Amino acid sequence: MLVSYMLEQSQTGLVIDLSFNSFNSRFPVWLANISSLVSIDLSFSGLNVGRLPHVFSELPNLRFLRLVNTFKKARCSEILRGSWKKIEVLDLTLNRLYGELPASLGNMTSLTHLSLYWNNIQGRIPSSIGKLCNLKFLSLRFNNLTGKIPDFHGESVNCPFEIPFPSLQILVLSSNQLVGQLPYWLGSLKNLVVLDLEYNSLQGPIPVLDNLKKLVVLKLAENELNGTLPDSLQQLSELYELDVSNNHLTGIVSESHFSKLSKLKDLDLSGNFFILNVTSFWVPPFQLESLYISSCLLNSSFPVWLKSQSNIIYLHFSNVSVSGIVPDWFWDMSANLKDLNASFNQLQGKLPNPSKLSADVMDLSSNLFEGHIPLPSFPISLLDLSNNQFSAPIPNRLGEILATTRFLSLSGNQLTGEIPISVGEMLSAAVIDLSRNNLRGSIPSSLGNCSSLEVLDLQKNLLSGKITGSLSQLNMLQTLHLSSNKLSGEIPSFFHNWSSLETLDLGDNRLTGNIPPWTGSVFPNLRILSLRSNALSGEIPSELSDLSSLQILDLAENELNGTIPSSFVNLRAMVQIQRINHYLFYGMSFRHYYEESYSANIKNQHQTFNKILSILTSLDLSGNNLHGQIPEELMKLLGLAVLNLSANHLTGEIPESISELNQLLSLDLSSNKLSGPIPPSISSLSYLGYWNLSNNNLSGEIPFQGHITTFDAPSFAGNPALCGAPLDVNCTGNELDNGKRRADEDDSNNGFTDQWLYLSIGLGFAAGVIVPFLVLAIRRSWSHAYFLLVDRTVEEILSLARKIVVHWRNHRRFRV
């Protein structure tokens, strides 16, 4: 359409098309001075336009301007200012426009096509574009208007004001950062054919749009709209595509909403809170090609009205609360389906085998289907049958039939037998998930042929034997789960081939040997390393501290010895507080993906994390034979949310600086040989939901204040020298009892010292009294006065001596 438009305009002016080139040079400024220029297209040309696009606004004859992916950064108000006298098509898609849309946009009265798709435009869509009826209505009390008052929705008769964009047919503002409510003037764009505002943060209700009689495409998806679906939508009889998915819309959607939408082909109501209330004998007026109603609430029976939709190709009704056996007519009418998602319902029965479905994408996960795994009759790109009740072995020919499949998940069933060798024929597979079944035998070496694998999840089965060396060929592997099996042997040396690996989960197996030091140098992107519940021995290699991306290190329940490496201070991802959540999705295919999850030991129980896994930081070294002190350097891992060092042989005191770990949610230091007092500063850890210091040699009074008061006695039990709340041991009484016991011991052991104290005082007294007495015996005239003085002095000395002895013994008892 645009090409024909340019050819037409070339008869009356200059047309320049430099699109889809690789000039890699600056834009020739002189082009913007050609007054006869009618059309210019510089899209994907490699020309660096910079901040020049606003100069085009003053070209007197310019009607067509297309600058897709052309300039690096510019403000909306600069680009869109100026007269733009004759501009009809303005396409600034895929640039870096920022700032707010100016109200002067409404001056482009000849505009038919405006596209600002995929920029960084912020703020609201201006409510004052042009001279709007509803704008005057909002300020009605300040004027002396005549004629009929326009209503609140911009629908008016005898409106004396100009309507904006009288010729506008296409308005695309999607994939920006727009906020606020949808302006009501949108309902006055009577020539509008396409309205695309999806992927923003727009709020409020959907305005009345029933004046848009020519509207063919309405896309409001991925916003924050609320309210109900307006009844006025039924007036849009030309509507071909309606997409309001993933908002906060509520209310009942009934047959009346669609009564006049006979041309509707694409309908997306998913991701809202609609109640779809139609009768069982309803025959829709449309023939849909795509229907997405996931997360809407249907009645409990299977939607019979789908039987009339013989042209449907894409059908998603996930999580709609339907139950019961799928009727046979559905499998018959599904012959045309390319994409089927009926997951998260309570559908029952057996799937046709061989399947009648020809869908290229099939997601029937999280239902109650049973029986054998069906073999598709046609090539399929995605097959998800996880979380059902399928049993029996995996068909031997599965890999052969699924040779072109990119995503396969059979997890969470009751499958038995061995993994078929044919799975190695899935050369296109990015995800193979056979976890949480009862599969036996060894890991087939043929899996090494699946060179496109990003995810291999075989956890929670009964697999045995060594980890096959053929897996070394999986150079694109990002996440590997082999935990909770019966695998044996040492950690294979070929793991160092996996430089893209982000998750390595080998926990709960029978692995032996040491943790290889090279582990720290070959996984630059590793986020999760779990080797828990094996029989690994030796010391923890200090080289693990080179894993700069590591957020979860779980070495619990092994036979590791030595000390905790102080080099762990270099675990940079644990030093930093993780504030930005990144969803860990892998193998994205057809709106489908593998979501990473991990079960961490928190509060002495395993909790599974997925949505917030990327901000979880955990260090678990519990259940080993580690000794020595808790390294002071460990207190610099400021991002730690979970720290578990329990069930080791750690000694020394709890570091005073533990209060710096103010992100801790769970702290377990129990069952060690820690001594000394509990640091008072630990009460400042306000996020702690669980802590355990039991079964150590801690002493003194518990600093029962602040957040510590939320914990009960079991958190401190097994420390005989601890006292104070919440324990039933009174610190004062305890000290007195201990003091008496120590005093008795001192009386027996140190009585000799007390006797020497009294003897020394006695000898001093004798020397001070007897010697003068011999002198005075010669001069009796002095004797009377002298002995009066001595008598008083001796009484005072004896009193003072008694006080000194009592004070000295009390001081010794307190110190003990």
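Thresholds, definitions, all that
- Residues numbered from 1 in each chain as written.
- Predicted model: local features only at pLDDT ≥ 70, side-chain atom pairs only at ≥ 80, totals over all residues.
- Heavy atoms only, no water.
- Helix = DSSP H or I, 4+ residues; strand = E, 2+ residues; numbered from the N terminus.
- Buried < 20%, exposed > 50% of the residue type's maximum accessible area, 1.4 Å probe, protein only.
- Areas by Shrake-Rupley, 256 points an atom, 1.4 Å probe, with all protein chains shown as cover.
- Pairing = 2+ DSSP bridges.
- Phe/Tyr/Trp six-rings, centres within 6.5 Å; stacked < 30°, edge-to-face > 60°.
- Salt bridge = Lys/Arg side-chain N within 4 Å of Asp/Glu carboxyl O.
- Disulfide = S-S within 2.5 Å.
- Polar contact = N/O pair within 3.5 Å; in protein donor to acceptor, adjacent residues only side chain to side chain.
- Contact = heavy atoms within 4.5 Å.
- Patch = residues over 30% accessible without salt bridge, like charges linked within 9 Å, V, L, I, M, F, W, Y side chains within 5 Å.
- pLDDT = per-residue confidence, 0-100.
- Lys, Arg positive; Asp, Glu negative; His and termini not counted.
- Charge placed at Lys NZ, Arg CZ, Asp CG, Glu CD.

What to know about the overall build of the protein chain
Across its full length, the protein chain carries nine helices and 55 strands. Going through the 816 residues of the protein chain one by one, you find that 51% of them count as buried. Carbon and sulfur atoms make up 52% of the accessible area of the protein chain, which amounts to about 36,900 Å² in all.

Quick word on the pairing of strand β38 (residues 510–513)
Burial of the side chains of β38 is restricted to one face: Leu511 and Gly513 are buried, whereas none of Arg510 and Thr512 on the reverse face is. As judged from the two bridges shared by strand β36 (residues 486–489) and β38, these two strands associate in the parallel manner. What sits directly across from Gly489, in β38, is Leu511. Here β38 runs beside strand β40 (residues 535–539); their pairing, made up of two bridges, is parallel. Considered in β40, the bridge of Gly513 is made with Leu536.

Quick word on the sheet that holds strand β12 (residues 177–179)
The four strands are arranged β6-β8-β10-β12 in an open sheet whose pairing can be described as parallel. Looking at the sheet topology across the chains shown, the edges are occupied by β6 (74–75) and β12. As judged from the three bridges shared by strand β8 (residues 97–100) and strand β10 (residues 120–124), these two strands associate in the parallel manner. Paired with Tyr98 across the bridge in β10 is Asn120.

Focus: the packing of aromatic side chains
What describes a pair of aromatic rings is the distance from one ring centre to the other and the angle between the planes of the rings. Evaluated as defined, the whole model comprises 20 aromatic pairs. Residues Tyr583 and Phe585 carry aromatic rings whose centres are separated by 5.5 Å and whose planes lie at 5 degrees to one another, so their mutual orientation is stacked. A relative accessible area of 52% places Tyr583 in the exposed class. With 5.4 Å between their ring centres and 35 degrees between their planes, Trp691 and Phe711 make a pair best called tilted.

As for the pattern of salt bridges
The tally for this structure, following the rule as stated, stands at 10 salt bridges. Note that Arg66 and Asp91 form a salt bridge whose closest N and O atoms lie 3.3 Å from each other. With Arg66 in strand β5 (residues 64–66) and Asp91 in strand β7 (residues 89–91), this pair connects stretches of sequence that are 25 residues apart. A cluster of three or more residues bridged by salt bridges with shared partners is formed by Arg532, Asp554, Glu557 and Asp620.

So, the state of the cysteines
Disulfides are covalent bonds that link the sulfur atoms of two cysteine residues. According to the stated counting rule, one finds one disulfide in the structure shown. Here Cys723 engages in a disulfide with Cys731; their sulfurs sit 2.1 Å apart. In this structure, the disulfide formed by Cys723 and Cys731 twists by about 95 degrees around the S-S bond and is classed as right-handed. Cys723 gets classed as buried once you look at its relative accessible area, which sits at 5%.

Description of the side chain of Asp91
In this structure Asp91 comes out as buried when scored by relative accessible area, which is 7%. Polar side-chain contacts of Asp91 include one of 2.6 Å to the side chain of Thr93. Among all residues touching Asp91, those that are not within four sequence positions of it are Leu65, Arg66, Leu67, Val68 and Ser115.

Regarding the environment of Ser597
With respect to the helices, strands and loops of the structure, Ser597 is situated in the loop between β44 (592–595) and β45 (598–602). Along the primary structure Ser597 and Asn610 are separated by 13 residues, whereas in three dimensions their C-alpha atoms are 4.3 Å apart. What Ser597 contacts, discounting residues up to four positions off in sequence, is His481, Thr608, Phe609, Asn610 and Leu613.

Some words on the environment of Leu439
Residue position: Leu439 is located in the loop between β32 (431–433) and β33 (455–457). Taking the C-alpha atoms as reference points, Leu439 and Lys460, separated by 21 residues in sequence, lie 8.9 Å from one another. Residues within four places of Leu439 in sequence aside, it is in contact with Ile394, Leu415, Thr416, Gly417, Ile419, Leu434, Asn461, Leu462 and Leu463.

Some points on unusual backbone geometry
In this chain, Ala725 is followed by Pro726 through a cis amide linkage whose omega measures 10 degrees. Along the chain, the position of Pro726 falls in the loop between β55 (721–723) and α7 (731–749). Of note in this structure, Asn319 is not a glycine but carries a positive phi near 55 degrees. Along the polypeptide, Asn319 turns up in the loop between β22 (314–316) and β23 (323–325).

A word on a nonpolar patch on the surface
Taken together, the side chains of Phe20, Phe44, Leu94 and Trp118 present a nonpolar region at the surface, about 410 Å² in accessible area. With respect to the helices, strands and loops of the structure, Trp118 is situated in the loop between β9 (113–115) and β10.

Some remarks on the environment of His707
Among the structural elements, His707 can be located in the loop between β54 (697–701) and β55. Setting aside residues up to four positions removed in sequence, His707 forms contacts with Ser683, Leu685, Ser686, Tyr687 and Leu688. Separated by 2.5 Å, the side chain of His707 and the backbone oxygen of Leu688 make a polar contact.

With respect to the sheet that holds β54
Reading across the sheet, the three strands line up as β52-β54-β55 and stay open at both edges, with parallel pairing between neighbours. The open sheet has two edge strands with one neighbour each: β52 (675–676) and β55. Here β54 pairs with β55 via three bridges, running parallel. Residue pairing for β55: Glu701 is matched across the bridge by Cys723.

Re the pairing of β40
It is a general feature of regular strands that their side chains alternate between the two faces of the sheet. Where β40 meets strand β42 (residues 559–561), three bridges bridge the pair, whose relative direction is parallel. Counted as the bridge partner of Glu539 is Asn561 from β42.

Brief notes about the confidence of the model for the protein chain
Per-residue confidence for the protein chain gives a mean pLDDT of 84; residues scoring 70 or more make up 83%. Residue range residues 130–161 is modelled with pLDDT below 50. Its contacts to residues more than four positions away, or to other chains, number 39 contacts. Taken as a whole, residues 734–788 scores under 50 in pLDDT and shows 29 contacts with residues more than four places along the chain or in a different chain.

Quick look at a positive patch on the surface
A contiguous patch of positive charge, built from Lys72, Lys73, Arg75 and Arg96, is present on the exposed surface. Within the secondary structure, Lys73 is located in the loop between β5 and β6. In this structure Lys73 comes out as exposed when scored by relative accessible area, which is 52%.

Concerning the side chain of Ser57
Structurally, Ser57 is set in the loop between β4 (47–48) and β5. A relative accessible area of 2% means that Ser57 is categorised as buried. Beyond its immediate sequence surroundings of up to four residues, Ser57 is in contact with Arg81, Gly82, Ser83, Trp84 and Lys85.

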